[in-house]
Amino acid sequence: MFGFLKKVGDYTRDAAGAAQYMTQGLAVTFDHLRRRPVTVQYPYEKLIPSERYRGRIHYELDKCISCEVCVRVCPINLPVVDWVMNKATKKKELRNYSIDFGVCIFCGNCVEYCPTNCLSMTEEYELAAFDRHSLNYDNVALGRLPTSVTSDPAVQPLRELVYLPKGAVDPHGVPDSEPRAGRLPEQVLETLPKIDPPAATPAPTPEEKG
Ligand code: SF4
Ligand code: SF4
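I will try to describe carefully the structure that is included in this document. Source: prediction; values computed, not measured. Position labels on residues start from 1 in each chain and follow its written sequence. Here every chain gets a letter starting at A, and every ligand a number starting at 1, in the order they are written. Reporting in this predicted model follows two pLDDT cut-offs: at least 70 for local features of residues, and 80 or more for side-chain atom pairs to be given and counted; totals over whole chains, interfaces and linings ignore these cut-offs and use all residues. In computing side-chain values, all of the structure's heavy atoms are included and hydrogens and water are not.

## Examining the pairing of strand 3 (residues 80–86)
- Any two strands are treated as partners once DSSP identifies two or more bridges connecting them. Helix and strand definitions follow DSSP, with helices as H or I runs of at least four residues and strands as E runs of at least two, each counted in order from the N terminus. In this structure, strand 3 lies alongside strand 4 (residues 91–100), joined through seven bridges in antiparallel fashion. Bridging across to strand 4, asparagine 86 finds its partner in lysine 91.
- Between the antiparallel neighbours strand 3 and strand 4 lie four residues, among them lysine 90 with a positive phi of about 55 degrees.

Below, the structure is given as structure tokens:
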């Protein structure tokens, strides 16, 4: 009889403990419901890509010297540099330049090594197409100015975490006027004490030289 009552008591205590833990868990869950969702509501809201974002490549035909360095440093030898040698001028004449973005891995090697800086990475990442062959961009398509998240009136641009003011973790509701955390190099320089340059020592006269 005593053993049975003890089992009933233990069972009741365990049930009460379980109910307490469930209540605590549900309280935490319902507390999350009160918080503002951090979801970025694409396509009405878009994150602004970072300064060194590696998006669609931009190309300037008139700066290209057909050296093919971009092809050699590309892990898949992707850029197609179509040139002919002009025997009269002994110079390469560029006919066409193309990159297939269905194959490109956006590593940025070609941009890093181009000696004339005619290649650059843009912040454009919406390159979806129905026909994969249309991802093969020629020099005209590569030379088009990139679309920008910040200049699209239909889009609410949001800053990424590293561009938010100090202490902010959610870009929603952060005004554009709030500067990002950290200081620019020139702002750091302004805080440093000014040091006067050393006075120039006069050049020795011929007599002093002996
Ligand atoms: S980004 Fe990389 S993969 Fe794409 S063309 Fe340039 S080097 Fe090749
Ligand atoms: S590395 Fe630059 S200059 Fe040379 S072929 Fe490629 S795009 Fe043209």
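## Some details on the nonpolar core
- Residue types Ala, Val, Leu, Ile, Met, Phe, Trp, Tyr and Cys, when buried and joined through side-chain atoms within 4.5 Å, form a set referred to as a nonpolar core. Burial classes: relative accessible area under 20% of the type maximum marks a residue as buried, over 50% as exposed, and values in between as partly exposed (1.4 Å probe, protein chains only). Counting residues in each nonpolar core, the largest one holds 20 residues, and the members touching the most others are Tyr97, Ile99, Phe101 and Leu119.
- Of all elements in the fold, only strand 2 (57–59), helix 2 (69–73), strand 4 and helix 3 (109–113) reach the threshold of two or more residues within this core.
- A contact between two residues is defined here by any heavy atoms of the two lying within 4.5 Å. Sequence-distant contacts of isoleucine 99, defined by excluding residues within four places in its chain, comprise Ile57, Leu78, Pro79, Cys104, Leu135, Asn136, Tyr137 and Leu142.

## Considerations on the site of ligand 1
- Around ligand 1, the surrounding shell consists of Ile57, Cys74, Pro75, Leu78, Cys104, Ile105, Phe106, Cys107, Gly108, Asn109 and Cys110.
- Classification convention: Asp, Glu, Lys, Arg as charged; Ala, Val, Leu, Ile, Met, Phe, Trp, Tyr, Cys, Pro as nonpolar; all other residues, Gly among them, as polar. Among the residues forming the shell around ligand 1, the class breakdown is nine nonpolar, two polar and no charged. Put simply, a residue is near a molecule or strand once any heavy atom of it comes within 4 Å of that molecule or strand.

## A few points about the sheet that holds strand 3
- A sheet is described by the order of its strands in space; here three strands give the open sequence 3-4-6, paired in antiparallel fashion. Either end of the sheet is taken by a strand with one partner, and the two such strands are strand 3 and strand 6 (136–137).

## Description of unusual backbone geometry
- A cis geometry characterises the amide bond from tyrosine 42 onward to proline 43, with omega recorded as 10 degrees.
- With respect to the secondary-structure elements, proline 43 resides in the loop between helix 1 (2–33) and strand 1 (45–47).
- Even without glycine at this site, serine 66 takes up a positive phi of about 55 degrees.
- Given a relative accessible area of 1%, serine 66 falls into the buried group.
- For lysine 90, which is not glycine, the phi dihedral falls at a positive 55 degrees.
- With respect to the secondary-structure elements, lysine 90 resides in the loop between strand 3 and strand 4.

## A word on the side chain of arginine 56
- Tracing the chain through its elements places arginine 56 in the loop between strand 1 and strand 2.
- A distance of 3.0 Å separates the side chain of arginine 56 from the backbone oxygen of leucine 142, its partner in a polar contact.
- Pairs of N or O atoms within 3.5 Å make up the polar contacts considered here, provided that, within protein, one atom can donate a hydrogen while the other can accept it, and that residues adjacent in sequence are counted only when both atoms are side-chain atoms. A polar side-chain atom of arginine 56 sits 2.9 Å from the main-chain carbonyl oxygen of arginine 144.

## Some thoughts on the environment of isoleucine 48
- Examined against the element boundaries, isoleucine 48 turns out to sit in the loop between strand 1 and strand 2.
- Sequence separation between isoleucine 48 and leucine 192 is 144 residues, and the spatial gap between their C-alpha atoms is 33 Å.

## What about the packing of aromatic side chains?
- Any pair of Phe, Tyr and Trp rings, taking the six-membered ring for Trp, is counted once the centres come within 6.5 Å. Such a pair is stacked with planes under 30 degrees apart, edge-to-face with planes over 60 apart, and tilted for the rest. Taken as a whole and assessed by the stated rule, the structure comprises four aromatic pairs.
- Judged by centre distance (4.0 Å) and plane angle (10 degrees), the ring pair of tyrosine 59 and tyrosine 97 falls under stacked. Here tyrosine 59 is found in strand 2, whereas its partner tyrosine 97 is found in strand 4, with 38 residues between them in sequence. You'll find tyrosine 59 and tyrosine 97 in the same group, each marked buried.
- Ring geometry for phenylalanine 101 against phenylalanine 106: centres 5.5 Å apart, planes inclined by 10 degrees, an arrangement best described as stacked.
- Among the aromatic residues, those joined into a ring-pair cluster are Phe101, Phe106 and Tyr137.
- The ring of tryptophan 83 is capped by lysine 92, whose NZ or CZ atom sits 4.6 Å from the centre of that ring. The criterion for a charge sitting over a ring is simple: Lys NZ or Arg CZ within 6 Å of the ring centre, and within 35 degrees of the ring normal.

## Looking at a nonpolar patch on the surface
- For patch building, the residue pool is restricted to those with more than 30% relative accessible area and no salt bridge; the joining distance is 9 Å between like charges and 5 Å between nonpolar side chains (Val, Leu, Ile, Met, Phe, Trp, Tyr). Under the convention used here, a 1.4 Å probe and the Shrake-Rupley method define accessible areas, while residue burial counts only the protein chains that appear. Any carboxyl oxygen of Asp or Glu that lies within 4 Å of a side-chain nitrogen of Lys or Arg is treated as forming a salt bridge with it. There is a patch of nonpolar side chains on the surface, built from Met1, Phe4, Leu5 and Val8 and spanning about 460 Å² of accessible area.
- Mapped onto the elements of the fold, methionine 1 is located in the segment before helix 1.
- Note on methionine 1: relative accessible area 76%, which makes it exposed.

## Quick look at the site of ligand 2
- Every one of the 14 residues lining ligand 2 counts as a neighbour, but Cys64, Cys67, Glu68, Cys70 and Cys114 are closest to it.
- By residue class, the composition of the shell around ligand 2 is 11 nonpolar, two polar and one charged.

## Remarks on the pattern of salt bridges
- One pass over the structure, following the stated rule, counts nine salt bridges.
- The shortest N-O distance in the salt bridge between arginine 34 and aspartate 31 comes to 2.5 Å.
- Taking relative accessible area as the criterion, aspartate 31 reaches 26% and is therefore assigned partly exposed.

Take it as geometry only, folks, not as evidence of what the structure does.
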